[in-house]
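Structure assessment
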Amino acid sequence: RTVYLNGEYMPETEARVSVFDRGFLMADGVYEVTSVLGGRLIDFDGHTVRLQRSLDELEMRSPISREDLLEVHRELVRVNEIDEGMIYLQITRGAPGDRDFVFPDPETTAPTIVLFTQNKPGLADSPAAKKGIKVISIDDIRWGRRDIKTVQLLYPSMGKMMAKKAGADDAWMIEDGFVTEGTSNNAYIVKGNKIITRALSNDILHGITRAAVLRFAREAQMEVEERSFTLEEARTADEAFVTSASTFVMPVVQIDDAVLGDGTPGRVAPRLREIYLEESVRAAV
Ligand code: PMP
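What counts, and where the lines are drawn
- Residues numbered from 1 in each chain as written.
- Predicted model: local features only at pLDDT ≥ 70, side-chain atom pairs only at ≥ 80, totals over all residues.
- Helix = DSSP H or I, 4+ residues; strand = E, 2+ residues; numbered from the N terminus.
- Near = placed C-beta within 6 Å.
- Nonpolar A, V, L, I, M, F, W, Y, C, P; charged D, E, K, R; others polar.
- Expected span 1.5 Å × (residues − 1).
- Buried ≥ 20, exposed ≤ 12 C-beta atoms within 10 Å, placed from the backbone.
- Arc of directions from axis to C-beta.
- Domains from an automatic or database assignment.
- Contact = placed C-beta atoms within 7 Å.

Things to note about unusual backbone geometry
- The phi angle at N6 is positive, at roughly 45 degrees, despite the residue not being glycine.
- Looking at the secondary structure, you find N6 in the loop between strand 1 (2-5) and strand 2 (8-11).
- Even without a glycine there, the phi angle at D176 is positive, about 55 degrees.
- With respect to the secondary-structure elements, D176 resides in the loop between strand 8 (170-175) and strand 9 (178-182).

Structure, rendered in structure tokens:
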């Protein structure tokens, strides 16, 4: 595989990052994941806008222009022959000569930028999407700036492991009785024809897929309510689903021991998945 590191394309085995990189030492970095369908980039604009916002919130400067970023994404798709898959992008505050809590001077310490691809044939035609997934509920003990897409992913990773050990696929995180989001996705319930999802705040990541799906839902005259919902409300909902750049719209058929509806994906989530795939592929770059 060819990867991109600090302005150069190279084989993955030759890419090297300093042991003093603040991404490695302090999780001082941000990332984006953009999916590729039919060799084209899904929701690319949204991801670059959010990347810039994450960088701004952490007072980091971007080492690359938007045009160059698009070019690097396209080049990696081309050389690695990605038809369906993902592009991972990470920017960290770079590697000052030593370990220090104080941010290094951006004039002397350049950010580190890495991009690599992941080949995922069958991403759109996912068997999991036809069956639906099971989630467990866990406490949300993450920090208070979940709107910044940092590489600080230890707790979400532990959450996935808790789900796996419990025989489930993922975990929904709960704070003060309310669902915040999934370990790597935004969470929704459906009651009647109404789609309910938590409103944007610092409590959750502002999903790029979320923004697109809510727009398409409203365009299709579906009712959308952006408000918090409790775990109890979710357990008795007609349907549930999650959204993310890597899973698009994924139906949820069980929350802890509560089976939703007849235990199959239902009507709304599969329809939204279909609309999202159609519209986002049409708009892909
Ligand atoms: N919430 C969290 C915590 C996530 O990690 C992700 C995916 N990275 C999302 C939501 C979904 O965001 P997006 O649709 O932009 O992939």
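Here the narrative resumes.
Focus: the site of the ligand
- If you check the shell around the ligand, you find 13 residues, and the closest are L205, G207, I208, T209 and A245.
- Examining the composition of the shell around the ligand, we find that 3 residues originate from one element, helix 6 (residues 208-219), more than from any other.
- Tallied by class, residues from the shell around the ligand come to 4 nonpolar, 7 polar and 2 charged.

Regarding helix 5 (residues 154-165)
- For helix 5, built from 12 residues, the straight-helix expectation of 16 Å at 1.5 Å per residue is met to within 8% by its first-to-last C-alpha distance of 17 Å.
- All of the buried residues in helix 5 are P156, G159 and A163. Looking down the long axis of helix 5, one finds its buried residues gathered within 55 degrees of arc, a one-sided arrangement. Set apart from the buried face of helix 5 by more than 90 degrees, the exposed residues are L154, S157, M161 and K165.

Side note on the domain arrangement of the chain
- Split by domain assignment, the chain resolves into domain 1 (2-119) and domain 2 (127-282).
- One C-alpha centre belongs to domain 1, the other to domain 2, and the line joining them spans 26 Å.
- Counting from both sides, the interface comprises 21 residues of domain 1 and, opposite them, 14 residues of domain 2.
- Listing elements by their share of the side of domain 1 that touches domain 2, those giving two or more residues are strand 3 (29-37), helix 2 (44-57) and strand 5 (85-92).

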